[in-house]
Amino acid sequence: MLEILTFPDPRLRNKAQPVEKVDDTVRKLVDDMFHTMYEAPGIGLAANQVNEARRIVVADVSEDRSQPLCLINPQILALDGVEEMEEGCLSVPGVTETVQRADRVRVRAQNRDGEAFELDAEGLLAVCIQHELDHLDGKLFIDYLSNLKRQRIRKKLEKQGRSKSEAAPAI
Ligand code: GNR
Ligand code: NI
């Protein structure tokens, strides 16, 4: 399992770079990302979250975890409708807040074999795809909240991060 960076880690703010060639190294990262997402557990994961600044997303919003979706170099072709959903993020543990996004999205991407495809998504998958594509541009769902709320979340997670490192054995 890969380590997931948590807010306010500045590396989450790095913009991910396009994948030039989908080779075995990329496929290995994709497989490790799926493993990490399923173990976490989460419905999506962007490469930035595991400290790989490359434009790679994995997702699976199915109940039985049977519909893995890999998006390499994803691009949004169209957005439609408005929807409010309670979101969470593996990089902002313990926080859920309502965010407004489009409720339908058409996306173009490459799959695990490097082949281009297009996908129409709605509901939870549409929200998840927008959340993950934001990660690739260094954006987090808490950026949609007020500054006050985001500061409170930052303070809370900084405190947790400190107690985590304090609890670690000092070698
Ligand atoms: O596991 C996740 N759940 C979720 C719920 C509502 C909206 C978006 C998400 S994505 C999140 C996993 C994650 O942090 N992906 O970047
Ligand atoms: Ni997230």
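Just above sits the structure.
This write-up is about the structure you can find in this document. (Residues numbered from 1 in each chain as written. Chains lettered and ligands numbered in written order. Predicted model: local features only at pLDDT ≥ 70, side-chain atom pairs only at ≥ 80, totals over all residues. Heavy atoms only, no water.)

## Re the overall build of the protein chain
Part 1: Tallying secondary structure elements over the protein chain gives three helices and seven strands in all.
Part 2: Starting at the N terminus and ending at the C terminus, the protein chain contains elements arranged as α-β-β-β-β-β-β-β-α-α.
Part 3: Computed over its C-alpha atoms, the radius of gyration of the protein chain comes to 16 Å, within 12% of the 16 Å expected for a compact globule of 171 residues.
Part 4: Over its C-alpha atoms, taken along the principal directions, the protein chain stretches across nearly 45 × 40 × 30 Å.
Part 5: In the protein chain, 64% of the contacts between residues at least 6 apart in sequence involve partners at least 24 apart.
Part 6: Here the protein chain displays about 9,500 Å² of accessible surface, and carbon together with sulfur accounts for 47% of that area.
Part 7: For the protein chain, the separation between the mean place of its 24 positive charges and that of its 30 negative charges on side chains is 7 Å. (Helix = DSSP H or I, 4+ residues; strand = E, 2+ residues; numbered from the N terminus. Rg over C-alpha atoms; globule rule 2.2 N^0.38 Å. Contact = heavy atoms within 4.5 Å. Areas by Shrake-Rupley, 256 points an atom, 1.4 Å probe, with all protein chains shown as cover. Lys, Arg positive; Asp, Glu negative; His and termini not counted. Charge placed at Lys NZ, Arg CZ, Asp CG, Glu CD.)

## Some thoughts on the site of ligand 1
Part 1: Taken together, the neighbourhood of ligand 1 is formed by 13 residues, with Ile43, Gln49, Leu90, Glu132 and His135 sitting nearest.
Part 2: A distance of 3.0 Å separates an oxygen atom of ligand 1 from a polar atom in the backbone of Ile43.
Part 3: Surface burial for ligand 1 is 90%, taken as the share of its 390 Å² of free accessible area covered by protein chains.
Part 4: Grouping the amino acids of the shell around ligand 1 by side-chain chemistry returns four nonpolar, six polar and three charged. (Near = heavy atom within 4 Å. Polar contact = N/O pair within 3.5 Å; in protein donor to acceptor, adjacent residues only side chain to side chain. Nonpolar A, V, L, I, M, F, W, Y, C, P; charged D, E, K, R; others polar.)

## Some points on the side chain of Arg150
Part 1: Residue placement: Arg150 occurs in helix 3 (residues 147-167).
Part 2: Buried and unpaired, Arg150 has Asp143 as its nearest opposite-charge partner, separated by 4.3 Å.
Part 3: Excluding residues that lie within four positions of it along the chain, Arg150 makes contacts with Phe7, Ile142, Asp143 and Leu145. (Buried < 20%, exposed > 50% of the residue type's maximum accessible area, 1.4 Å probe, protein only. Salt bridge = Lys/Arg side-chain N within 4 Å of Asp/Glu carboxyl O.)

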